[in-house]
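# Per-entry structural report
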Amino acid sequence: MYKMASELETMTETRKPKMLAENVNVFYGTNHAVKGITLDLHQDEVTALIGPSGCGKSTFLRCLNRMNDTVASCRVEGRITLDGEDIYASRIDVVQLRARVGMVFQKPNPFPKSIYDNVAYGPRIHGLAQTRTDLDEIVSTALEKAGLWNEVKDRLESPGTALSGGQQQRLCIARAIAVNPEVILMDEPCSALDPIATAKVEALIDELKGRYAIAIVTHSMQQAARVSQKTAFFHMGDLVEHGDTTEIFTAPKQERTRDYITGRFG
Amino acid sequence: MTDHTVKAYDDELRDLRAIVSRMGGLAEDQLVGAMEALNEFDAVKAAAVRASDKLLDKLEIDAEKAAIVVFARRAPVADDLREVVSSLKMTGLIERMGDYAKNIAKRTLAISEMGPVALPPILDQMARDARKMVQDVMDAYVHRDADLAMEVWERDEALDNLHNAAYRHILARMMETPEKVGVLTHFLMIAKNLERIGDQATNVAEQVFYTLRGVMLEEARRPKHDLTSTELMTGEQ
């Protein structure tokens, strides 16, 4: 019995969330876009955020690395912590935060620089490499983790923009990984990709989840079902349902979730 | 329930449901036909039941094709997924009901050649109960009534008890009239067939319940009071 209790304790400890959003509200002027959302992200886990356009899922995602700070009319209330630390606290360095909580966008957005420099950019500005050898190591490791190394190792000086769409997206993932993030946020990362490139990114997400906590916004129900362990359904700013992906896609508890994922929304 | 935004999806599900319902109705008819043939020792009716089984087999294949189309085109989730998966399982179960009815008909043909022997009335009672189970579980399916499905599921116990009684009764008659053991063995197997039809209806009830509620009725919770293969045999020895 003692052993069981201690095992349970260990389990509870390992379930401490990497990020925790508590009662988060977001306003754009008077528009209440995100309403009292509480959600946790864990390492070893992909959380899919789904819901119709304008439901608040991307807005919520952007709160997690303070991307909304740049929107003048945007006001974020509530508490979001990374390893228990409030990311909206005044002492927080936002640039540092965004290195710890990386983001991959809908459209691949490599810098107009070489493949190498795209990946090396973050480590350089964060001073992660002392020597060129260090930097080479960081770049190759990040490209390897992003599953791109074999495709680009012989042309690291080629422009990143010359890669295919799928490769560009994986380059952006490599760029996010290069600064040793703990959380990766993805906003519809495959919506501009063909099915083969999508499959490669999804396989990558699967591999990366062991090292990072990942949140992905997607409009593809099948993608959410394929890549995530947890799914959160947003509707009109509310978090309607959050639970195991297998549960959500086989027996959702809320009628609104059922209607949305089965295509019954009018 | 709200319709899907894509109307063709609803049409495909409706087509699948129509096949499942039709199969349920046919299985019931097959059971009724088989029991009529048995009661009247009518070889012609029994042969007709055997022949009609082919339609059930065909419909099962139609349902499979329709379900595969839904999987391929719609990638169903949630209650749609449960419904399509359950439909596949249900049509298999209903087809089995038809096989049991066919087996009763086949045995009727054999019995009719052996000369008349009084039919144990308990077989009729079993057939009535089994038929009601099939009828009600299909009603539960069509009217999306999970409570009725649960009720049918619970009724399996009563049919199992009847089967136990039938088994004892037929065994006793075998001892009384050893010269009739051939026909009586057929009656024993017919009782088993009827009990199995009830089992299939119970399994269909589980599928209907799961489709509607998203909760699986645990196999362990299933009423099991058919003792003929264990305790009763041991008792006889």
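Rules used in this analysis
Residues numbered from 1 in each chain as written. Chains lettered and ligands numbered in written order. Predicted model: local features only at pLDDT ≥ 70, side-chain atom pairs only at ≥ 80, totals over all residues. Heavy atoms only, no water. Contact = heavy atoms within 4.5 Å. Buried area = accessible area lost by both parts, 1.4 Å probe. Salt bridge = Lys/Arg side-chain N within 4 Å of Asp/Glu carboxyl O. Polar contact = N/O pair within 3.5 Å; in protein donor to acceptor, adjacent residues only side chain to side chain. Helix = DSSP H or I, 4+ residues; strand = E, 2+ residues; numbered from the N terminus. Buried < 20%, exposed > 50% of the residue type's maximum accessible area, 1.4 Å probe, protein only. Pairing = 2+ DSSP bridges. Axes fitted to C-alpha atoms, helices over the stretch in contact; angles between N-to-C directions. Core = buried A, V, L, I, M, F, W, Y, C linked by side-chain atoms within 4.5 Å. Expected span 1.5 Å × (residues − 1).

### A short note on the interface of chain B and chain A
Contacts between the two partners involve 14 residues from chain B, matched on the other side by 12 residues from chain A. Where chain B abuts chain A, roughly 1,100 Å² becomes buried across the two surfaces, and 49% of that area is made up of carbon and sulfur atoms. Contact with chain A buries area across many residues of chain B, yet B:T2, B:V77 and B:A78 alone supply 39% of it, more than any other trio. At the boundary of chain B with chain A, the tally comes to three salt bridges. Note that A:R264 is salt-bridged to B:D79, the shortest N-O span being 3.2 Å. At the junction of chain B and chain A, the tally comes to nine residue pairs in polar contact (both at pLDDT 80 or more).

### Some points on the pattern of salt bridges
Under the definition given, this model contains 40 salt bridges over all chains. Of the charged contacts, one joins B:R131 and B:E28 as a salt bridge, the two residues approaching to 3.0 Å between their closest N and O atoms. With B:R131 in helix α4 (residues 121-142) and B:E28 in helix α1 (residues 7-39), this residue pair connects regions lying 103 residues apart in the sequence. Taking the relative accessible area as the measure of exposure, B:R131 reaches 34% and is therefore partly exposed. Ionic pairing is found between B:D136 and B:R155, a salt bridge with its closest N-O pair at 2.7 Å. Of this pair, B:D136 sits in helix α4 while B:R155 is found in helix α5 (residues 146-176), placing the two residues 19 residues apart along the sequence. Here B:D136 falls in the buried class, since its relative accessible area comes to 7%. If you follow the salt bridges from partner to partner, you end up with A:E255, A:R258, A:D259, A:R264, B:D79 and B:D80 in one network.

### Concerning the sheet that holds strand β3 (residues 45-50) of chain A
Working definition: the strands of a sheet are paired by backbone hydrogen bonds and lie parallel or antiparallel to each other. Residues and elements named next belong to chain A. Overall, mixed pairing links the six strands, which are arranged β6-β7-β8-β3-β9-β10 in an open sheet. Single-partner strands in this sheet number two, and they are β6 (101-104) and β10 (238-244). Recorded for the sheet is a direction-independent mean angle of 15° between the axes of neighbouring strands. The sheet contact formed by β6 and strand β7 (residues 183-187) spans four bridges and is parallel. What sits directly across from G102, in β7, is I184.

### Examining the nonpolar core
If you look at the biggest cluster of nonpolar residues, it comprises 71 residues, and the most contacted ones within it are B:I94, B:F187 and B:L194. When near neighbours in sequence (up to four residues on either side) are disregarded, B:I94 contacts B:V20, B:M23, B:G24, B:A27, B:L56, B:M138 and B:V204. Residues A:L171, A:A176, A:I216 and A:F249 belong to the second largest nonpolar core, which totals 47 residues.

### A word on α4(B)
Residues and elements named next belong to chain B. Over its 22 residues, α4 runs 32 Å from end to end, which matches the ideal 32 Å to within 8%, given 1.5 Å per residue. Residues of α4 that are buried: I122, L123, M126, A127, A130, M133, V134, D136, V137, M138, A140 and Y141. Buried residues in α4 make contact with α1, α3 (78-112), α5 and α6 (181-213). Two residues or fewer after α4 comes R144, characterised by a positive phi angle close to 50°.

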